[in-house]
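Reading the structure
Given next are the chains, with one letter for each unit.
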Amino acid sequence: MEKDQWQEKGAGHRQRLRDKFLAQGIEAFTDSEVLELILALGTPRKDTKEPARALLKEYGTLAHVLELSQPELSKIHGVGDKNSFAIHFIHAVARRYLRQRLKDKQYISSSRDVAEYLVHAMRDLKKEVFWVMFLDTSHAIIDSEFLAEGTINSNTIYPREIIKKALAYNATAVVLGHNHPSGKLEPSSEDRRLTKKLYIALSYVTVTVLDHFIVGGSQQPYSFADHGLMEQIKQECAALG
């Protein structure tokens, strides 16, 4: 009887949350309420309020929780395999949505959306990843891909792989991106060398590197173009003849 009473009470609480979302949208929700409903997708007949609160207490933010691995999630009492699946699935859907939303848009007018996608996709990753966006002759976004994982430097990123992809997409320009798991945004000397190396390599197939973003946590990504580094690289390459 006690279990039945809880299920009836829990169902009423979740229905109130659903009604709240329909009436006021996601902005009216706390992170705990959002996470509670996500967990409920995996275990609809169990209390997810306490596990949601425990996850946030342990890991700080909803964004961080969404990036957790299975072992990290399982440390929290009440979070099982089904809950973990729900969290990973929702996060993957959000990432795909943000990526697909960029397609066919003009890069210049959508640079904020590009930055939003990169922050969502990279902010809590424990390893460095390297990303490339491919643009057509009018700088409309064709598509984007993650092409490498691990230590990102001029010895681990192979220009021929990026050239191969650019030619396959019939791209005339690219935008590069990678993350700093440390959260530091300032580009390293290796980041600059890598960007210059790729700028030179891609120029041989008439593909232009427009920018290189560095993602560090939830901060606005560092843009080589906005800080004058792309123009500096362009001038240095022109001086080489």
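Heads up: these notes are all about the structure in this document. The model shown is predicted, which means the values in this text are computed figures rather than measured ones.

Rules used in this analysis
Residues numbered from 1 in each chain as written. Predicted model: local features only at pLDDT ≥ 70, side-chain atom pairs only at ≥ 80, totals over all residues. Heavy atoms only, no water. Helix = DSSP H or I, 4+ residues; strand = E, 2+ residues; numbered from the N terminus. Contact = heavy atoms within 4.5 Å. Areas by Shrake-Rupley, 256 points an atom, 1.4 Å probe, with all protein chains shown as cover. Lys, Arg positive; Asp, Glu negative; His and termini not counted. Charge placed at Lys NZ, Arg CZ, Asp CG, Glu CD. Buried < 20%, exposed > 50% of the residue type's maximum accessible area, 1.4 Å probe, protein only. Pairing = 2+ DSSP bridges. Right-handed = clockwise from strand over helix to strand, strands pointing away. Patch = residues over 30% accessible without salt bridge, like charges linked within 9 Å, V, L, I, M, F, W, Y side chains within 5 Å. Salt bridge = Lys/Arg side-chain N within 4 Å of Asp/Glu carboxyl O.

A few points about the overall build of the protein
A tally of helices and strands in the protein yields 10 helices and five strands. When the backbone C-alpha atoms are referred to their principal axes, the protein occupies close to 80 × 30 × 30 Å. At a minimum sequence separation of 6, the contacts of the protein that also span at least 24 residues come to 63%. When the accessible area of the protein is evaluated, it comes to approximately 13,400 Å², of which 52% is carbon and sulfur surface. On the protein, the mean spot of the 32 positive side-chain charges and the mean spot of the 31 negative ones are 3 Å from each other.

Section: the environment of Ala140
One can find Ala140 in the loop between strand E1 (129-135) and strand E2 (141-149). Residue Ala140 is classed as buried on the basis of its relative accessible area, which comes to 8%. Distance in space between the C-alpha atoms of Ala140 and Lys103 is 7.7 Å, their sequence separation being 37 residues. The contact partners of Ala140, leaving out residues within four places of it in the chain, are Asp104, Lys105, Gln106, Phe134 and Leu135.

Quick notes on the sheet that holds E2
Strand order in the open sheet formed by five strands is E2-E1-E3-E4-E5, with mixed pairing between adjacent strands. This sheet does not close on itself; its edge strands, each paired only once, are E2 and strand E5 (222-223). The pairing of strand E4 (residues 208-215) with E5 spans two bridges and is classified as antiparallel. Bridge pairing in E5 places Ile214 opposite Tyr222.

Description of the pairing of E4
Counting buried positions over the eight residues of E4 gives six, a clear majority of the element. Summarising the sheet, strand E3 (residues 173-179) and E4 pair through seven bridges and their orientation is parallel. Bridged to Leu176 within E4 is His212. Running through helix H9 (residues 189-203), the crossover from E3 to the neighbouring parallel element E4 is right-handed.

Topic: the side chain of Glu145
Here Glu145 shows up in strand E2. Non-local contacts of Glu145, meaning those with residues more than four positions away in its chain, are made with Phe130, Trp131, Val132, Lys165 and Tyr169.

Some points on a nonpolar patch on the surface
Together, Phe21, Leu22 and Ile26 make up a nonpolar patch on the protein surface, roughly 330 Å² of accessible area in all. In this fold, Phe21 is placed in helix H1 (residues 2-24). You can call Phe21 partly exposed: its relative accessible area is 41%.

Function cannot be inferred from these measures alone, as they are strictly geometric.
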